[in-house]
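So the chains spell out like this:
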Amino acid sequence: MKRSTINQAIKRATTFFESNGWVLPHNAQWDVTDFGLGDFQDCGLVLVNLAEEEEYCEKLMYAQQNQVTPMHCHAQKKEDIIVRTGAMAIEIWKGVPGKNTDEIDVKITGEYQKIKSGDIVELKAGERVTLTPGLYHKFWPTTSECIIGEVSTANDDVNDNFFINADIGRYSEIEEDEQPLVSLLSDH
Ligand SMILES: O=C(CO)[C@@H](O)[C@H](O)CO
């Protein structure tokens, strides 16, 4: 991924965060990824790790319409994915996508709902979904821009992301075509 694309994504996310009243700490831990696929606009995510503790983690994320965070699950992490501004869709599977279309009980905005494995759940600002370990998920904004929160148990992006697409690498290789605006989590 080009450093210029990363810089531009950070500028755009910052503008949208600010215009929606989200103030970041001076030492914000930025993480921008195209998941190693080289097509950031279609498959990418901007993340800021707000708190990363042994017991819990909080992130703020930004994506544009139809920019997908690809299908993955976590073996350890339980997370709430929360729409802060805008709206998004999230596809949820009980196990490996396509294999199981059973009904599953998923907590949506604090209340269990029965959905079919593989269903796409639409969430608008203020709404959240609780993803337990093993639930595969893929999400994308349905509005031009979207701020997405994540509150979870311990986060380990190096060892606890299991993507369906074997070509995916969680952190992108960076092509240094201009000076970094900020250093990313993956830079150190
Ligand atoms: O868990 C999520 C989204 O479900 C993010 O925190 C990961 O960083 C994506 O790889």
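Below you will find a few notes about this structure. (Residues numbered from 1 in each chain as written. Predicted model: local features only at pLDDT ≥ 70, side-chain atom pairs only at ≥ 80, totals over all residues. Heavy atoms only, no water.)

## Here we look at the sheet that holds strand β9 (residues 120–124)
If you walk across this open sheet you meet the 5 strands as β9-β6-β11-β4-β13, and the pairing is antiparallel. The open sheet terminates on both sides in strands that have one partner only, identified here as β9 and β13 (162–163). Two strands pair when backbone bridges link them, and strand β4 (residues 69–73) and β13 are joined in this way by 2 bridges, in the antiparallel orientation. The residue bridging Cys-73 from the neighbouring strand is Phe-162, located in β13. (Pairing = 2+ DSSP bridges. Helix = DSSP H or I, 4+ residues; strand = E, 2+ residues; numbered from the N terminus.)

## Concerning the site of the ligand
Lys-59, His-74, Glu-150, Asp-157 and Arg-170 are the nearest of the 14 residues found near the ligand. A distance of 2.6 Å separates an oxygen atom of the ligand from a polar atom in the side chain of Glu-150. Contacts to the ligand include Asp-157, whose side-chain N or O atom sits 2.8 Å from an oxygen atom. When the ligand is considered free in solution it has 300 Å² of accessible area, and contact with the protein chains removes 100% of it. (Near = heavy atom within 4 Å. Polar contact = N/O pair within 3.5 Å; in protein donor to acceptor, adjacent residues only side chain to side chain. Areas by Shrake-Rupley, 256 points an atom, 1.4 Å probe, with all protein chains shown as cover.)

## Examining the pattern of salt bridges
Under the defined criterion, the tally for this structure stands at 11 salt bridges. Asp-31 is the partner of Arg-170 in a salt bridge, and the nearest nitrogen-oxygen pair spans 2.6 Å. Here Arg-170 is found in the segment after β13, whereas its partner Asp-31 is found in strand β1 (residues 29–33), with 139 residues between them in sequence. Taken individually, Arg-170 and Asp-31 each receive the classification buried, so the pair is uniform in this respect. Across the salt bridge formed by Lys-94 and Asp-102, the nearest N and O atoms sit 3.5 Å from each other. Of the residues examined, Lys-94 reaches a relative accessible area of 39% and is grouped as partly exposed. Judged by its relative accessible area of 38%, Asp-102 is partly exposed. What emerges from the salt-bridge pattern is a single network uniting Asp-31, Lys-59, Asp-157 and Arg-170. (Salt bridge = Lys/Arg side-chain N within 4 Å of Asp/Glu carboxyl O. Buried < 20%, exposed > 50% of the residue type's maximum accessible area, 1.4 Å probe, protein only.)

## Section: the pairing of strand β11 (residues 136–141)
With 5 of its 6 residues buried, β11 lies for the most part within the structure. As paired strands, β4 and β11 are joined by 2 bridges and run antiparallel to one another. Residue pairing across strands places Thr-69 opposite Phe-139, the latter belonging to β11.

## Topic: the sheet that holds strand β2 (residues 45–52)
Reading across from one edge, β1-β2-β3-β12-β5-β10-β7-β8 is the order of the 8 strands in this open sheet, with antiparallel pairing throughout. For this open sheet the edge positions go to β1 and β8 (111–116), each flanked by a neighbour on one side alone. Looking at each pair of strands side by side, their axes are set apart by 30 degrees on average, direction ignored. (Axes fitted to C-alpha atoms, helices over the stretch in contact; angles between N-to-C directions.)

## Examining helix α1 (residues 3–19)
Across its 17 residues, α1 extends 24 Å between first and last C-alpha, which sits within 8% of the 24 Å expected from 1.5 Å per residue. Buried within α1 we find Arg-3, Ile-6, Asn-7, Ala-9, Ile-10, Ala-13, Phe-16 and Phe-17. Structurally, α1 contributes buried residues whose contacts are with β1, β2, β3 (56–64), β5 (79–85) and β12 (145–153). (Expected span 1.5 Å × (residues − 1). Contact = heavy atoms within 4.5 Å.)

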